[in-house]
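Here is what each chain is made of, one letter per residue.
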Amino acid sequence: MSRAADRLAMIFNHLDRSTVHVAASSTSTQVASYDHTPALRYTLDNDALSPDQRLSYEENGFILIKNLVSEEDIDKFRSAFERICKGEARFPGLVVMRDVAIAKSEFVLDQQAISKLQDFQEDPELFRYCCLPQILKHVQAFTGPNIMAMHTMLINKPPDAGKKTSRHPMHQDLHYFPFRPVDRIVCAWTAMERVDRRNGCLVVLPGTHRGSLKEHDYPEWEGGVNKMYHGIRDYNPDHPRMHLEMEKGDTVLFHPLLIHGSGMNQTQGFRKAISCHYANADCYYIDVKGTTQENIDKEVKEITTKKYGMDAVTFQDTWAFRGRLVQGERTSL
Ligand SMILES: CCCCCCCCCCCCCCCCC(=O)SCCNC(=O)CCNC(=O)[C@H](O)C(C)(C)COP(=O)(O)OP(=O)(O)OC[C@H]1O[C@@H](n2cnc3c(N)ncnc32)[C@H](O)[C@@H]1OP(=O)(O)O
Ligand SMILES: Nc1ncnc2c1ncn2[C@@H]1O[C@H](COP(=O)(O)OP(=O)(O)OP(=O)(O)O)[C@@H](O)[C@H]1O
Ligand SMILES: O=C(O)CCC(=O)C(=O)O
Ligand SMILES: [Fe+2]
Ligand SMILES: [Mg+2]
């Protein structure tokens, strides 16, 4: 048995002892030595992950799974993206985003580079990513069996236009989510090609999922920042960083409180990744009034009013519209 499996067995013993069905066989010395072992909080006991993966997620707030999505599927997602770029396909709700350096440029460009698709839940080909059985199998370890796909993105990080606007500031995804409980939400992010420090891979601060939701706002960047790309005002700059270099098909699953961002794309190619945020369908919406999320609530409402002319729609409603059941039963969200 691996060391991780031993430690898991210890944790389970500890949990057993804290219920009313105390195992009579445990000795007092064992109880003392396990006393401060934390319970597993971030993963569920449903055999979806190996003991090593569970412990790693509990400690670090993410796990990286090599080669989870086939090359063939990724190539199909790439073609679906290209059809959208070329204007050959359009889907209700789909948001096509351009980098601020391009959207705000006074020069007419031959190619209006698309930096991100958001909300592709009505594109059957791209949405197939969210339903891949090998992804859902892992996702269940965090959400449980009733799974909603809440947020979908295809990120096409452009070659930096010279103003460093291709960066994504350090943030926690929970800032954008008015639903809880937090530990029943997880993001799957799959590299559609090799991603490394040169083309702007994900950068994570391991273990920060054990902290709280921090205040987010626009970073004060000289070259400008993309709309709704809020960053954390003060995170510890000395916290160890990890650059997640990944190959095509590798997938990272991460907790919505994990502090992460992505670097500038210093190559000439668009760096592609596809992602979905999942939540347990039993999660419930919260009122964010009086919390750090008030600013994003306000900004989303401004967009729904200005862009869609829907002024009665709440921040919570925008999530209920976009969420799609991918496994089990749609209960609350
Ligand atoms: C029922 C549906 C409701 C939809 C609600 C939307 C809510 C979205 C919030 C969800 C986020 C969840 C994220 C969870 C995970 C964490 C993250 O992903 S963090 C990053 C989140 N990023 C975003 O949410 C990107 C949002 N961007 C957009 O929605 C659009 O790009 C847009 C800013 C609304 C612009 O789209 P559109 O209106 O179609 O664009 P234009 O008509 O071309 O321009 C309008 C206006 O906006 C300016 N602009 C365009 N692009 C940018 C940009 N990248 N940065 C800054 N400004 C931009 C453009 O210049 C125009 O400005 P003007 O002054 O009006 O001329
Ligand atoms: N408007 C666009 N915005 C952002 N990325 C795009 C856009 N059009 C294509 N892409 C992506 O940019 C990359 C390079 O595009 P490129 O122009 O070489 O190919 P293409 O547009 O797919 O085909 P074509 O050679 O017919 O123009 C491709 O990976 C493609 O997915
Ligand atoms: O750069 C990326 O691909 C990820 C950005 C990110 O963290 C996000 O959109 O929430
Ligand atoms: Fe993020
Ligand atoms: Mg082209």
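Everything quoted here is computed from the prediction, not taken from an experiment.

Rules used in this analysis
Residues numbered from 1 in each chain as written. Chains lettered and ligands numbered in written order. Predicted model: local features only at pLDDT ≥ 70, side-chain atom pairs only at ≥ 80, totals over all residues. Heavy atoms only, no water. pLDDT = per-residue confidence, 0-100. Contact = heavy atoms within 4.5 Å. Helix = DSSP H or I, 4+ residues; strand = E, 2+ residues; numbered from the N terminus. Phe/Tyr/Trp six-rings, centres within 6.5 Å; stacked < 30°, edge-to-face > 60°. Buried < 20%, exposed > 50% of the residue type's maximum accessible area, 1.4 Å probe, protein only. Lys NZ or Arg CZ within 6 Å of the ring centre and 35° of its normal. Donors = N, O, S within 2.8 Å, 3.2 Å for Na, K, Ca; no water. Arc of directions from axis to C-beta. Core = buried A, V, L, I, M, F, W, Y, C linked by side-chain atoms within 4.5 Å.

This brings us to the confidence of the model for the protein chain. Caution applies to low-pLDDT parts of the model: their predicted coordinates are not meant to be read in detail. Overall, the predicted model of the protein chain reaches an average pLDDT of 87, with 86% of residues at or above 70. With pLDDT under 50 throughout, residues 11-37 is counted as low confidence; its partners more than four residues away or in other chains account for 19 contacts. Counted against residues more than four places away or in other chains, residues 107-111, with its pLDDT under 50, gives 2 contacts.

Here the focus is the environment of proline 178. For proline 178, the location among the structural elements is in the loop between strand S5 (168-171) and strand S6 (179-180). The spacing of proline 178 and tyrosine 285 is 107 residues in sequence and 5.6 Å in space, taken between C-alpha atoms. Once residues within four sequence positions are removed from consideration, proline 178 is found in contact with Tyr284, Tyr285, Ile286, Val288, Gln293, Phe315, Gln316 and Trp319.

A complete count under the given rule lists 6 aromatic pairs for this structure. Taken together, a centroid distance of 5.2 Å and an interplanar angle of 20 degrees make the contact between phenylalanine 177 and phenylalanine 179 stacked. Taking 5.3 Å as the distance between ring centres and 85 degrees as the angle between the ring planes, the aromatic pair formed by phenylalanine 177 and tryptophan 319 counts as edge-to-face. Of the two residues, phenylalanine 177 is situated in the loop between S5 and S6 and tryptophan 319 in helix H9 (residues 315-322); the sequence distance between them amounts to 142 residues. The pair formed by phenylalanine 177 and tryptophan 319 is uniform in burial state, with each residue classed as buried. Chaining the aromatic ring pairs together yields one cluster made of Phe177, Phe179, Tyr285 and Trp319. The positively charged end of arginine 167 is found above the aromatic ring belonging to tryptophan 221, 3.9 Å away from the centroid.

Here we come to the coordination of the iron ion (ligand 4). Ligation of the iron ion (ligand 4) by protein atoms is provided by His171 (NE2), Asp173 (OD) and His260 (NE2), these donors lying 2.1 to 2.2 Å from the ion. In this structure histidine 260 comes out as buried when scored by relative accessible area, which is 4%.

What follows deals with H9. The complete set of buried residues in H9 reads Phe315, Gln316, Thr318, Trp319 and Arg322. Here the buried residues of H9 occupy an arc of 160 degrees about the axis, which is enough to place them on one side. Taken together, the buried residues of H9 touch strand S4 (147-157), S6, strand S15 (284-285), helix H8 (294-308) and strand S16 (324-327).

What follows is about the nonpolar core. If you look at the biggest cluster of nonpolar residues, it comprises 39 residues, and the most contacted ones within it are Leu126, Tyr129, Ile135 and Tyr278. Of all elements in the fold, only strand S1 (62-65), helix H4 (71-85), strand S3 (114-118), helix H6 (124-131), helix H7 (133-143), S4, strand S7 (185-191) and strand S14 (271-280) reach the threshold of two or more residues within this core. Setting aside residues up to four positions removed in sequence, tyrosine 129 forms contacts with Val69, Phe77, Ile135, Ala188, Trp189, Thr190, Ile274, Ser275, Cys276 and Tyr278. Listed in part, the 19 residues of the second largest apolar core include Val182, Leu213, Val288 and Phe315.

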